[in-house]
Amino acid sequence: MVKNEVMVDEIPFPSQFMMNTKPLPLMGHGITDIEIHFLQIKFTAIGVYLDPQIVTHLQQWKGKTGAELTENDDFFEAIVIAPVDKFLRVVVIKEIKGSQYGVQLESAIRDRLAEVDKYEEDEEEALEKIVEFFQSKYFKKDSVITYSFPATSGSAKISLATEGKEDSEIEVENANVVEMIKKWYLGGSRGVSPTTISSLANNLSAELSK
């Protein structure tokens, strides 16, 4: 009997997600948080769904422990570029304005693009669209932001559901921006959520040793 839900910080995540008629299992999960005066403030819970085929692209790390993989940014680079379907589900724990989330995303993506000299007009435009998309939204607790990254294209779909209803979605067609969104969430030591990174490393280490 497969458990059909995994609890991530008291928030239920389906143990698999259908994308393009294919079930993607939940391969990693965690939270984003900060600590202020010894108080942990949690912002979002994250679930990472990957096509199981991804292990065929990660064979060179077979036999490595989760702890070793957590430290290995090349491993996460390989996850980001592997040509398989990927899906991220981000659930809001602490209410936040969409504009705040958009600005965080924008600055993280812009910095990463600038570092590798890929921040041009097209990228700027694509980022502006994303910021605009989030601008007028308000993320109540339990709002869900999803990112779909199809294997076959360099585009991504971002959608938002608040209070259980599908609100809106946007297509991001700039491949450089899409790559950096993946890296923001899946980028090893620089990923936005260390708990998600170590969960992914541990689960994929287990998958690789099968």
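Under an unreviewed UniProt entry, the name given to the protein is Chalcone-flavonone isomerase family protein, and the source organism is Anisodus tanguticus. Comment text from UniProt for the protein, heading Sequence similarities (unreviewed entry), reads "Belongs to the chalcone isomerase family."

Visitor: Looking at this structure, I do not really get the packing of helix 2 (residues 73–81) against helix 6 (residues 194–208). What am I missing?
Guide: Axis angle and axis distance: for two packed helices, these are the angle between their axes and the distance between the axes, and together they describe the pair. Two elements in contact, helix 2 and helix 6, have axes separated by 12 Å at closest approach and are oriented at 80 degrees. Looking at the two axes, helix 2 sits roughly perpendicular to helix 6. In this structure, helix 2 contributes F75, F76 and I79 to the contact, and helix 6 contributes I197, L200, A201, L204 and L208.

Visitor: Which parts of the structure should I look at to understand the pairing of strand 10 (residues 156–162)?
Guide: Regular strands place side chains that alternate from one sheet face to the opposite one. By the criterion of burial, strand 10 is predominantly enclosed, with six of the seven residues buried. In the sheet, strand 9 (residues 144–149) pairs with strand 10 via five bridges, with the strands oriented antiparallel. Its bridge partner lying in strand 10, Y147 is registered against I158. As consecutive antiparallel partners, strand 9 and strand 10 are separated by six residues. Across seven bridges, strand 10 lies against strand 11 (residues 165–172) in antiparallel orientation. Paired with I158 across the bridge in strand 11 is I170.

Visitor: Can you help me understand helix 2 in this one?
Guide: Given 3.6 residues per helical turn, the α-helix brings residues three or four places apart onto the same face. Along helix 2, the positions that sit buried rather than exposed are F75, F76, A78, I79 and V80. Residues of helix 2 that are buried in the fold lie against strand 5 (39–50), helix 1 (66–70), strand 6 (86–92), helix 5 (175–186) and helix 6.

Visitor: Would you explain the environment of W61 in this entry?
Guide: Here W61 is to be found in the loop between strand 5 and helix 1. Accessibility expressed as a relative area gives 7% for W61, which makes it buried. Separated by 42 residues in the primary sequence, W61 and M19 have C-alpha atoms spaced 26 Å apart. For W61, the residues in contact, after removing those within four places along its chain, are L69, N72, D74, F75, A78 and L208.

Rules used throughout
Residues numbered from 1 in each chain as written. Predicted model: local features only at pLDDT ≥ 70, side-chain atom pairs only at ≥ 80, totals over all residues. Heavy atoms only, no water. UniProt positions renumbered as here; feature names shortened; annotations may be inferred. Axes fitted to C-alpha atoms, helices over the stretch in contact; angles between N-to-C directions. Helix = DSSP H or I, 4+ residues; strand = E, 2+ residues; numbered from the N terminus. Parallel < 35°, antiparallel > 145°, perpendicular 65-115°, else oblique. Contact = heavy atoms within 4.5 Å. Buried < 20%, exposed > 50% of the residue type's maximum accessible area, 1.4 Å probe, protein only. Pairing = 2+ DSSP bridges.

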